[in-house]
Amino acid sequence: MVWYHQLLLIVLVFLFLVILKKFLPKKLRRKMRISSLMIIPVLYCIFMTSLTKLELSVIPFLFFGLGLLGIMMTLVYAYVEGEIIYRIFFKSYFRFCALTVYGVFVPLFILSI
């Protein structure tokens, strides 16, 4: 997949989500985060770019690292706070995963240009 196809895919999905968000009811509009939903096409672009440039998919290593991070975060939350509040844990874990995915995508995208 060429870099401008990736950019076009991401822009089209982003525009679709922006338009979709405008038509949702107010309650759902507040809860929907476009950056959280953009992870799926960005993961696809990471997969395609890593296969073409590195001839190896980065996705399994990324998922393994994020799984280890989740176990480590669980242990730290349990030790520091004495309990795990699932809503706060999953919210912070998913946001950190999103930042990690975007952090992996940017260098791969620059490498593909």
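The sections below set out a description of the structure shown in this document. Since this is a predicted model, take the numbers as computed values, not measurements.

Things to note about the side chain of Ser50
Inference 1: Structurally, the position occupied by Ser50 is in helix α4 (residues 39-53).
Inference 2: In terms of polar contacts, Ser50 uses its side chain to reach the backbone amide nitrogen of Val58, at 3.3 Å.
Inference 3: Those residues in contact with Ser50 that sit more than four places away from it in its chain are Glu55, Leu56, Ser57, Val58 and Leu108.

Focus on unusual backbone geometry
Inference 1: Look at Glu55: it is not a glycine, yet its phi comes out positive at around 55°.
Inference 2: Its location among the elements puts Glu55 in the loop between α4 and α5 (59-81).
Inference 3: When its relative accessible area of 69% is taken as the criterion, Glu55 is described as exposed.

Description of the environment of Leu17
Inference 1: Looking at the secondary structure, you find Leu17 in helix α1 (residues 3-23).
Inference 2: A relative accessible area of 7% places Leu17 in the buried class.
Inference 3: Here the alpha-carbon distance between Leu17 and Met38, two residues 21 residues apart in the chain, equals 8.6 Å.
Inference 4: Among residues more than four places away in sequence, those in contact with Leu17 are Met32, Ile34, Leu37 and Met38.

As for a nonpolar patch on the surface
Inference 1: Side chains of Val2, Trp3, Tyr4, Leu7, Leu8, Val11, Leu12, Phe14, Leu15 and Ile113 sit close together on the surface and give an oily, nonpolar patch of about 930 Å² of accessible area.
Inference 2: One can find Val11 in helix α1.

Concerning the environment of Val13
Inference 1: With respect to the helices, strands and loops of the structure, Val13 is situated in helix α1.
Inference 2: Expressed as a C-alpha distance, the spacing of Val13 and Ile34, which sit 21 residues apart in the sequence, is 9.7 Å.
Inference 3: In this structure, Val13 is in contact with Met38 and Pro41, ignoring residues within four places of it in sequence.

Parameters and conventions
Residue numbers run consecutively from 1 along every chain, following the written order of its sequence. Only residues with pLDDT of at least 70 get local features here, since the model is predicted, and only at 80 or more are side-chain atom pairs given and counted; chain-wide, interface and lining totals rely on the full set of residues. For the side-chain quantities, the full set of heavy atoms in the structure was used; hydrogens and water were omitted. A run of H or I in DSSP becomes a helix once it reaches four residues, and a run of E becomes a strand once it reaches two; helices and strands are each numbered from the N terminus. Think of a polar contact as two N or O atoms within 3.5 Å of one another; within protein, one of them needs to be a possible hydrogen donor and the other a possible acceptor, and neighboring residues in sequence only count if both atoms come from side chains. The criterion used for residue contact is that any of the two residues' heavy atoms lie within 4.5 Å. The cut-offs for exposure are 20% and 50% of the maximum accessible area for each residue type, with area from a 1.4 Å probe on protein chains only; residues under the lower value are buried, those over the upper are exposed, and the others partly exposed. Residues enter patches when their relative accessible area tops 30% and they take part in no salt bridge; the joining distance is 9 Å for like charges and 5 Å for the nonpolar side chains Val, Leu, Ile, Met, Phe, Trp and Tyr. We get accessible surface area from the Shrake-Rupley algorithm with a probe of 1.4 Å; when it comes to residues, only the shown protein chains can shield them. A side-chain nitrogen of Lys or Arg and a carboxyl oxygen of Asp or Glu constitute a salt bridge if their distance falls within 4 Å.

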